[in-house]
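# Geometric and topological summary
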Amino acid sequence: SSFLKFKAAKILFETKNYELSKQILENFSEDDLFYMDSIVERSYAIEQLSSDKLALEYIKKFIDNGIKNARLLKTYGSLQRSQRLYEQAIKSYTSAIEAAKKEQYTEALWPILFLRGISFERSKNWGLAEEDFISALELSPDQPQILNYMGYSLLERKEKLDQAMRMISLAAEKAPDSYHIIDSLGWAYYRSGEFEKALLYLERAMELESTDPIVNDHLGDVLWMLGRKR
């Protein structure tokens, strides 16, 4: 059963048995329903076993051979983004969007728009980044990852601060156990000068993930402003 083989490979990957996962994923024929998925998952196994550079080279071979599958192109863009090749990632995500529309793979559109928006933001093109975030939210309203990323970006840019606070607050309602989002909400209160409220959320973020450097840095800033300098 291709389905069971693919599920076994996924479970092995999730339990960090990357080599075994990779071996199973190598045994899918081109006419198999899970062939394209196996390529994507194998690239993740290669990334863990070797490097994101080798995973990128592996995916590139299929794209160079003319395969324009939306998930494959999205994975290619994400590997480029992980290497900070933002301009290349934008091109890959754009191709992935076009492929998703042709395939009528509509549920894939908002994540690709979101990831392309991140790439635009990282390459200092906020106007196009904001357009992609808004388009992604139109397809998936109240999606917490998009709300948080866009809200935090506005906060850092010191733009539309009321909107940023609303977006991050809504994201926290939708994903109360996401330390990234709770950290953003604490930082939003810090930026507005409400240090006691900021402390409440940043301590919660620390409970969720105590080893994240940004959360530690933000909590340190709040404690300093509250006079707890030791």
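In what follows, the accompanying structure is described. (Residues numbered from 1 in each chain as written. Predicted model: local features only at pLDDT ≥ 70, side-chain atom pairs only at ≥ 80, totals over all residues. Heavy atoms only, no water.)

### Observations regarding the overall build of the protein chain
Helix and strand counts for the protein chain stand at 13 helices and zero strands. Secondary structure elements of the protein chain, listed N to C terminal, follow the sequence α-α-α-α-α-α-α-α-α-α-α-α-α. Going through the 230 residues of the protein chain one by one, you find that 43% of them count as buried. Roughly 12,800 Å² of accessible area belongs to the protein chain as shown, and the carbon and sulfur atoms make up 50% of that amount. (Helix = DSSP H or I, 4+ residues; strand = E, 2+ residues; numbered from the N terminus. Buried < 20%, exposed > 50% of the residue type's maximum accessible area, 1.4 Å probe, protein only. Areas by Shrake-Rupley, 256 points an atom, 1.4 Å probe, with all protein chains shown as cover.)

### Quick notes on the side chain of Ser153
Note on placement: Ser153 falls in helix α9 (residues 144–157). There is a polar contact of 2.8 Å between the side chain of Ser153 and the backbone oxygen of Tyr149. Beyond its immediate sequence surroundings of up to four residues, Ser153 is in contact with Glu121 and Trp126. (Polar contact = N/O pair within 3.5 Å; in protein donor to acceptor, adjacent residues only side chain to side chain. Contact = heavy atoms within 4.5 Å.)

### Describing the side chain of Asn148
Turning to its location among the elements, Asn148 is positioned in helix α9. Dropping the residues within four chain positions of it, Asn148 is found in contact with Ile168, Ala171, His180, Ile181 and Ser184.

### Overview of the packing of aromatic side chains
Overall, the coordinates contain 12 aromatic pairs when judged by the stated rule. Relative to Phe133, the ring of Trp126 lies with its centre 6.1 Å away and its plane at 55 degrees, an arrangement referred to as tilted. Ring centres of Phe133 and Tyr149 lie 5.5 Å apart, and the angle between their planes is 55 degrees; on these two criteria the pair is classed as tilted. In this pair, Phe133 is assigned in helix α8 (residues 126–139) and Tyr149 in helix α9, connecting sequence segments 16 residues apart. Like Tyr149, Phe133 is buried. Site record: aromatic cluster; members linked through ring pairs are Phe3, Phe6, Phe28 and Phe34. If you follow Lys229 out to its NZ or CZ, it ends over the ring of Trp224, 4.6 Å from the centre. (Phe/Tyr/Trp six-rings, centres within 6.5 Å; stacked < 30°, edge-to-face > 60°. Lys NZ or Arg CZ within 6 Å of the ring centre and 35° of its normal.)

### Section: helix α7 (residues 109–122)
The terminal C-alpha atoms of α7, which comprises 14 residues, lie 20 Å apart, in line with the 20 Å expected from a rise of 1.5 Å per residue. Across the 14 residues that make up α7, a large majority, 12, are buried. For α7, every residue scored as buried is listed here: Leu109, Trp110, Pro111, Ile112, Leu113, Phe114, Leu115, Arg116, Gly117, Ile118, Ser119 and Phe120. Positive phi shows up at Lys124, right after α7, with a value of about 70 degrees. (Expected span 1.5 Å × (residues − 1).)

### Describing unusual backbone geometry
Even without being a glycine, Gln104 presents a positive backbone phi close to 55 degrees. Residue classification places Gln104 among the exposed positions, given a relative accessible area of 68%. One non-glycine residue, Lys160, lies in the positive phi region at around 45 degrees. Positionally, Lys160 belongs in the loop between α9 and α10 (161–174).

### Notes on the pattern of salt bridges
Overall, the coordinates contain 13 salt bridges when judged by the stated rule. For Lys197, the salt bridge is made with Glu194, and the minimal N-O distance between the two is 3.5 Å. With a relative accessible area of 41%, Lys197 lands in the partly exposed category. Residue Glu194 is classed as partly exposed on the basis of its relative accessible area, which comes to 32%. Residues participating in the shared-partner salt-bridge network are Lys10, Asp37, Glu41 and Arg71. (Salt bridge = Lys/Arg side-chain N within 4 Å of Asp/Glu carboxyl O.)

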